[in-house]
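Per-entry structural report
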Amino acid sequence: MSATDNTVADQDHAGADPGLPDGQQATALKRKDLLGIEDLDVEEINLILDTAQQFKEVSQRAIKKVPTLRGKSVINLFFEPSTRTRTSFEIAAKRLSADTQSISASTSAVVKGETLIDTARNIEAMFPDLLVIRHQFPGAAKVLADTCSAGVINAGDGAHEHPTQALLDALTIRDHKGSLEGLRVVMFGDIAHSRVVRSNIYCLNKLGANVVLAAPPTFMPYGVEALGVEVHQRLEPALEGADVVMALRIQLERGGKLSFPSLREYFKLFGLTRERLALAKDDAIVMHPGPMNRGVEIASDVADGPSSVILEQVSNGVAVRMAVLYLLARSGAAKHVEAVA
């Protein structure tokens, strides 16, 4: 059967959702917005991961498109630079047949002095179904969610949360390990300024992993142990027996450059080299949320080595964002039906 025939078969399958390749039904999320992992329960996390797993098949087709969100509109609002996340959301929406529009800070009325709330209200007047926002200030996505009736997806707000990154990381780990229960997952680097860390801590803890953080004292937030993590100020003891190793870049734009003497010294003490990786389990996987700074937090031969699943994270990002768009659109449609009734 051809890829086109697959799409038709999906639509004609009795009782099946045309967006799910195997014809299964997925329920909606319990909310209209995805603002962070902290608010999600395990059932919702697994629903997103299971739905994303099904959507991965779409990207293998000759014609990479399903009609699931046909007639829906998705607006991407990116007030910070982004390559992977922005492109991933755009591709995800298009593969679901949604109408998309992307707005950056440089092309928005914000540069003319308009507030974020006024921008949101003007966009809301155009009746979008979903808004994806990245903003430098923590809580910006919450402001939009409280202002707009459209579903809002947080694509990163300051150093607060980045929920879809944590979800794609969890999916990648599950692909290789089967389950996250009991795994030793090490995240190291600029812990203090990373939104990826916060979302991953919430997600990994809820899925039963043991989270280990490693960073120099200047990169380790005070009291982070309260989040239920193991903390080290040297990388070597953290890596011992690790199942998953995730490198984090130094967030220079958020003050990270003030926390270390030089890039050369940082790599010497905290760079992930083959020698350090050997402390982890033989089947450990290496991850990085990107963008990578080779020779700073990770050596090139590790980033490109057999343990690296970094490009798989990028691929899984499309599937996860397809799942989030799909499930939130269903949530919004369900609430609309309830309101009409």
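Here is a short report on the structure shown in this document.

The rules behind these values
- Residues numbered from 1 in each chain as written.
- Predicted model: local features only at pLDDT ≥ 70, side-chain atom pairs only at ≥ 80, totals over all residues.
- Heavy atoms only, no water.
- Helix = DSSP H or I, 4+ residues; strand = E, 2+ residues; numbered from the N terminus.
- Buried < 20%, exposed > 50% of the residue type's maximum accessible area, 1.4 Å probe, protein only.
- Contact = heavy atoms within 4.5 Å.
- Areas by Shrake-Rupley, 256 points an atom, 1.4 Å probe, with all protein chains shown as cover.
- Phe/Tyr/Trp six-rings, centres within 6.5 Å; stacked < 30°, edge-to-face > 60°.
- Expected span 1.5 Å × (residues − 1).
- Pairing = 2+ DSSP bridges.
- Axes fitted to C-alpha atoms, helices over the stretch in contact; angles between N-to-C directions.
- Parallel < 35°, antiparallel > 145°, perpendicular 65-115°, else oblique.
- Left-handed = near helix turned anticlockwise from the far one by under 90°.
- Nonpolar A, V, L, I, M, F, W, Y, C, P; charged D, E, K, R; others polar.
- Core = buried A, V, L, I, M, F, W, Y, C linked by side-chain atoms within 4.5 Å.
- Right-handed = clockwise from strand over helix to strand, strands pointing away.

What the chain contains, in helices and strands, is 12 helices and nine strands. A burial count over the chain gives 55% of its 341 residues as buried. The contacts of the chain with a sequence gap of at least 6 include a subset with a gap of at least 24, amounting to 74%. Total accessible area on the chain stands at roughly 14800 Å², and carbon and sulfur atoms take up 53% of it.

Right, let's get into the packing of aromatic side chains. Inspection of the entire model under this criterion finds three aromatic pairs. Judged by centre distance (5.5 Å) and plane angle (80°), the rings of Phe-55 and Tyr-326 are edge-to-face. Taken together, the residues Phe-55 in helix H2 (residues 42–55) and Tyr-326 in helix H12 (residues 310–340) connect sequence positions 271 residues apart. The exposure classification of Phe-55 matches that of Tyr-326, with both residues buried. With a centroid separation of 6.0 Å and 80° between ring planes, the pair formed by Phe-219 and Tyr-266 is classed as edge-to-face. With Phe-219 in the loop between strand E6 (210–214) and strand E7 (230–232) and Tyr-266 in helix H9 (residues 263–270), this residue pair connects regions lying 47 residues apart in the sequence.

As for its position among the elements, Glu-240 is in the loop between helix H8 (235–239) and strand E8 (244–247). In the structure, Glu-240 is positioned 38 residues away from Ala-278 in sequence and 8.6 Å away in space, judged by C-alpha atoms. Among all residues touching Glu-240, those that are not within four sequence positions of it are Arg-184 and Leu-279.

With 15 residues, helix H6 (residues 163–177) ought to run about 21 Å at 1.5 Å a step, and its terminal C-alpha atoms sit 21 Å apart, in line with that. The buried fraction of H6 amounts to 12 of the 15 residues, a majority that puts the element mostly inside the structure. Residues Pro-163, Thr-164, Gln-165, Ala-166, Leu-167, Leu-168, Asp-169, Ala-170, Leu-171, Thr-172, Ile-173 and Arg-174 constitute the buried set of H6. The first or second residue beyond H6 is Gly-178, which carries a positive phi of 85°.

Strands sit in the order E7-E6-E5-E8-E9 across an open sheet of five strands; the sheet is parallel. Of all strands in the sheet, those with a lone pairing partner are E7 and strand E9 (285–287), marking the two edges. Averaged over all neighbouring strand pairs, the angle between strand axes comes to 20°, with direction disregarded. Here strand E5 (residues 184–188) pairs with E6 via five bridges, running parallel. In the sheet register, Met-187 faces E6, and the bridge partner there is Leu-213.

Our focus in this paragraph is the packing of helix H4 (residues 116–124) against helix H5 (residues 140–147). Following both chains from N to C, one finds H4 and H5 inclined at 45°, their axes separated by 10 Å at the closest point. For the element pair H4 / H5, the angle class is oblique. Viewed along their axes, H4 and H5 form a crossing whose handedness is right-handed. Note on element contacts: H5 touches H4 through Ala-140, Val-143, Leu-144 and Thr-147, opposite Leu-116, Ile-117, Ala-120 and Arg-121. Across the contact of H4 with H5, the residue classes break down as six nonpolar, one polar and one charged.

Further remarks concern the nonpolar core. A general trend in soluble globular proteins is that nonpolar side chains are found buried together. The biggest cluster of nonpolar side chains holds 91 residues, and the ones touching the most others in it are Leu-167, Met-187, Leu-213, Leu-272 and Leu-325. A total of 12 residues in this core trace back to one element, the largest contributor, which is H12. Residues in contact with Met-187, not counting those within four places in the same chain, are Val-197, Asn-200, Ile-201, Leu-204, Val-211, Val-212, Leu-213, Ala-214, Met-246 and Leu-248. Judged by nonpolar contacts, the second largest core, of 17 residues, contains Ile-75, Leu-116, Ala-141 and Cys-148.

Further remarks concern the pairing of E6. Counting buried positions over the five residues of E6 gives four, a clear majority of the element. Crossover connection from E5 via helix H7 (residues 195–206) to parallel E6: handedness right-handed.

Take the sheet that holds strand E4 (residues 151–157) next. Taken together, four strands build an open sheet; the order of strands is E2-E1-E3-E4 and the sheet is parallel. This sheet does not close on itself; its edge strands, each paired only once, are strand E2 (99–104) and E4. Looking at each pair of strands side by side, their axes are set apart by 15° on average, direction ignored. With five bridges joining them, strand E3 (residues 130–135) and E4 adopt parallel strand pairing. Counterpart to His-135 in the pairing with E4 is Asp-157. The strands touched by helix H3 (residues 84–95) within the sheet are strand E1 (73–78), E2, E3 and E4, with E2 carrying the most contacts at an inclination of about 165°.

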